[in-house]
Amino acid sequence: MADTATSNLAVTTISLTMADVGPLNPLPVVAAELDQPYTVGEGVPEELQASARYGVVPNVYPYLMQDGYSREAAPRELPAVVLENSKLKVTVLPSLGGRIWELLDKATGKQLLHTHDAPQLANIALRKAWFAGGLEWNIGTRGHSPTSCDPLHTAIVHTPDGKHILRMWEFERLREVVFQVDIWLPEDSPVVFAAVRIRNPNRHDVPMYWWSNAAIPETDRTRVIAPADEAFGSDYTTDITRVRPTNHEGYDGTWPVNSPHAADFFFDIDPSERRWVVAADHDGDGLAMLSTGLLRGKKLFVWGQGQGGKRWQEWLSPGAGPYAEIQAGLAQTQFEHLVMPAGAEWSWVEAYGNGHLDPDTSHGTDWDAAVTHAGDRLEQLLPHEELESMLSAAVTDADAPPSKMLLKGSGWGVVERARRLASGQSWVDESGTPFVDESLTEEQEPWLGLLHGQTFDGAPSFVSGADWETLLAGQDGPEAHFQLATAKHARQDLAGAKELYGKVISVGSGSPANKALAHRGLGLALLAAGQDAEGLSELRKGVEADPANTALLTEAITLSIRHGDPAMALELNDTAPKAGPGVGRLTFLRALALARTGNAAAAAGILREGVEIPDLREGEDALADLWEDVCPGEDVPAAYQFGMH
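Parameters and conventions
- Residues numbered from 1 in each chain as written.
- Predicted model: local features only at pLDDT ≥ 70, side-chain atom pairs only at ≥ 80, totals over all residues.
- Heavy atoms only, no water.
- Helix = DSSP H or I, 4+ residues; strand = E, 2+ residues; numbered from the N terminus.
- Rg over C-alpha atoms; globule rule 2.2 N^0.38 Å.
- Buried < 20%, exposed > 50% of the residue type's maximum accessible area, 1.4 Å probe, protein only.
- Contact = heavy atoms within 4.5 Å.
- Areas by Shrake-Rupley, 256 points an atom, 1.4 Å probe, with all protein chains shown as cover.
- Core = buried A, V, L, I, M, F, W, Y, C linked by side-chain atoms within 4.5 Å.
- 1 Å grid on protein atoms, 1.4 Å probe; cavity = no way out; pocket = protein on both sides within 12 Å on 5 of 7 lines; lining within 4 Å.
- Points joined across faces, edges and corners; volume = space filled by probe spheres on them.
- Nonpolar A, V, L, I, M, F, W, Y, C, P; charged D, E, K, R; others polar.
- Pairing = 2+ DSSP bridges.
- Salt bridge = Lys/Arg side-chain N within 4 Å of Asp/Glu carboxyl O.
- Polar contact = N/O pair within 3.5 Å; in protein donor to acceptor, adjacent residues only side chain to side chain.

J.: Give a description of the overall build of the protein that names residues and reports values.
T.: Assigned secondary structure in the protein consists of 17 helices and 25 strands. Against the globule reference of 26 Å for 645 residues, the protein gives a C-alpha radius of gyration of 25 Å, in line with a compact fold. Taking the principal axes of the C-alpha coordinates as reference, the protein spans close to 70 × 65 × 50 Å. Buried residues in the protein amount to 59% of all 645 residues. Counting contacts in the protein only where the partners sit at least 6 residues apart, residues at least 24 apart contribute 70% of the total. Carbon and sulfur atoms make up 50% of the accessible area of the protein, which amounts to about 23,400 Å² in all.

See below:
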């Protein structure tokens, strides 16, 4: 396939029935809430253990949470870009994290990705809002990316050698790096290519994480193959250990339908082997993921065949059928971060297409034969040396200027450029990835004003970093004190945060909303220090100062139950709204508080009437646990079974 060939690239729209992401949650994400839920068991190399300890963050500050969605879906027209040739049709959604939403193999008529027309938003990502299906790009830290449901800067690039590239890029605020994804489909190519580049403009190393996650249709005859006999496995409750996927807990886990519960298999591919993973259905058709050497990790994720796994899939993809995921990442597992040196640029090329395996061999009992056969077929699909040879051109193309802008991402890249220029720091070459002033909104404008020496009067957003803290410390108003307190709190300087929260609360001026959030911040800091009564008192004051803030109310109710005061939770719940996306969780919290105050019958009545929590967290068994507490001896309804085991 010739690099100079072009494909048909069309800008269009796609109709999906789904809920809107909704307004951002106004509560700054300051608590240490990103726990590392895994421990390392037997057979795990020290190198992996060290990289699992490295780079763990307490939270995703300065991002705000995206939990203002409901489960009330409606038809929406979304911008889409279609790349099409004689063999494939690829549909990309730039406004939803740049996800490849459809990958149609024309010869078979099969969608190689799990896709559907009614994706349901749910609490799965680092910022909560996420939806199942397609192929997504994850950067920052373990979990689905902060940009999962955000529009990316998007453009069409025409290169001098004739390629038509769809380019998407953004400034990632957690690690302060710029990433871009270039997608192109040569004429008659059986695979679509994605070149990824990450640039670290900082003077220091940053912990880096990247995983490209592809949802694939799961049938009774789907098998996933990678060139490895062993893997690092996790079932979300036990230690990470070295396992043999073909003989795991008495079953062959390379068949997703065999897994009784949710599980991860990170294939331990020898460094000398080509890195690939492929799914094959009863005909041998299915997605193949190929990459150049830097993208080391290859993974299989299954929801499992338990009631909870099936419930999650129906919750995420109503009526669309089951799915599994195959994934590719920088590290060997998703428990790790890699050291990205100061000033470094990392690039690699990925390729996706139909593996077209022979089902008699790929589905046979001889694993070695299946691996050898799959490797041979993928070499025919795309020779390894041909893929590797594309990297140098992709690196060159990465700086080719956009020919036509399609969509604006966030304005944070503009702010970051200004911050770095003001402090004499280096920045990236924006030739291929311009951050345009037109992307600025009210979220960013106050911060540009602060950089330019204006008096800071508050902002609906948050920033992190020593430069910003210095600038805020030079201001004397309560809004600056609140922002500085929040920044200190987010990096777990609780003493500094409490002092500044106290200043905000004590002054007569300042916005009532931020005063309420200062009570809230002080309350969280006191709770973290074990001062439960004092902390809950501050949370109550925060709610009283801003009773219209439903997010503040919900958090106060949740924490009052968690910290032993369900009576306070009931009292606060009496003021809760009766409509809106948060009502389901508030209803559940009322039932939980009733149960904790000894009124099991009333709690049971609420559960029997029916409770639906739109932002139910992955792995959250709260509904089933409460049912078992207040309805002893009765089977947990299927609608409440979200346990992954």
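What follows continues from the structure just given.
J.: Account for the nonpolar core, naming residues and giving values.
T.: With 95 residues, the main nonpolar core has Trp312, Leu316, Trp447, Phe588 and Leu623 as its most contacted residues. Leu623 has contacts with Phe588, Leu607, Val611, Ile613, Leu616, Tyr640 and Phe642, leaving out every residue within four places of it along the chain. Core analysis: the second largest hydrophobic core is formed by 57 residues, Leu83, Ile216, Tyr251 and Met340 among them.

J.: Explain empty space enclosed by the protein to me, using residue names and the numbers behind them.
T.: Empty pockets left among the atoms are what a rolling probe the size of a water molecule brings to light. By the definition in use, this model includes four cavities of 30 Å³ or more. Taken as a whole, the largest cavity encloses approximately 120 Å³ of empty space. Looking at the largest cavity, the residues that line it are Pro62, Phe171, Arg173, Glu176, Trp412, Val415, Glu416, Arg419, Val463, Ser464 and Trp468. Roughly 50 Å³ of volume is contained in the second largest cavity. Forming the walls of the second largest cavity are Gln180, Asp182, Ala195, Val196, Arg197, Ser347, Trp348, Leu391, Ala394, Val395 and Ala398. Mapped onto the lining of the second largest cavity, the elements with two or more residues apiece are strand 11 (177-184), strand 12 (191-199), strand 24 (345-354) and helix 5 (384-397).

J.: Give a description of the layout of surface pockets that names residues and reports values.
T.: Quantified by volume, the second largest pocket comes out at close to 600 Å³. Gln66, Arg127, Asp150, Pro151 and Glu443 are, among the 33 residues lining the second largest pocket, the residues nearest its centre. When the residues that make up the lining of the second largest pocket are grouped by side-chain class, the tally is 13 nonpolar, 11 polar and nine charged.

J.: Kindly report on the pairing of strand 14 (residues 210-217), identifying the contributing residues and their values.
T.: Across the eight residues of strand 14, seven count as buried, placing the element largely inside the fold. One ladder, built from five bridges, connects strand 8 (residues 135-139) with strand 14; its direction is antiparallel. Pairing of Ile139 across the sheet is with Trp210, part of strand 14. Examined bridge by bridge, strand 14 and strand 22 (residues 323-329) share seven bridges and lie antiparallel to one another. Bridged to Trp211 within strand 22 is Gly329.

J.: Break down the pattern of salt bridges for me, citing the residues and quoting the values.
T.: One pass over the structure, following the stated rule, counts 34 salt bridges. Asp150 serves as the salt-bridge partner of Arg127, at 2.9 Å between the closest nitrogen and oxygen. Of the two residues, Arg127 is situated in the loop between strand 6 (122-125) and strand 7 (128-130) and Asp150 in the loop between strand 8 and strand 9 (153-158); the sequence distance between them amounts to 23 residues. By relative accessible area, Arg127 is classed as buried at 5%. Put simply, Arg417 and Asp437 hold a salt bridge, and the shortest N to O gap is 3.4 Å. A residue pair is termed long-range when its members are at least 10 positions apart, and Arg417 in helix 6 (residues 412-422) and Asp437 in the loop between helix 6 and helix 7 (445-451) qualify at 20 residues. Residues participating in the shared-partner salt-bridge network are Lys110, Asp281, Asp283 and Asp285.

J.: Before we move on, could you go through the side chain of Ser148 and cite the residues and values that matter?
T.: Turning to its location among the elements, Ser148 is positioned in the loop between strand 8 and strand 9. Side-chain polar atoms of Ser148 contact the backbone oxygen of Ser145, separated by 2.8 Å. Those residues in contact with Ser148 that lie beyond four places of it in its chain are Leu96, Gly97, Arg99, Ala125, Ala129, Trp130, Phe131, Glu136 and Asn138.

J.: Could you give an account of unusual backbone geometry, with specific residues and numbers?
T.: Look at the link from Tyr61 to Pro62: it is a cis peptide, with omega at 15°. Tracing the sequence through the fold places Pro62 in the loop between helix 1 (46-53) and strand 2 (74-84). You will see that Lys128, though not glycine, has its phi angle at about 85°, which is positive. Tracing the backbone shows Lys128 in strand 7. Positive phi outside glycine occurs at Gln492, with the angle close to 70°. Within the element layout of this structure, Gln492 appears in the loop between helix 9 (478-490) and helix 10 (494-506).

J.: Residue-level account of the environment of Lys128, with values.
T.: On the accessibility criterion, Lys128 (22% relative accessible area) is partly exposed. Residues Lys128 and Leu616, spaced 488 residues apart in sequence, show a C-alpha to C-alpha distance of 9.3 Å. Among residues more than four places away in sequence, those in contact with Lys128 are Met65, Gln66, Asp67, Tyr69, Ala122, Asn123, Asp615 and Arg617. Polar contacts involving the side chain of Lys128 include one to the side chain of Asp67, which spans 3.3 Å.

Geometry only, nothing functional implied.
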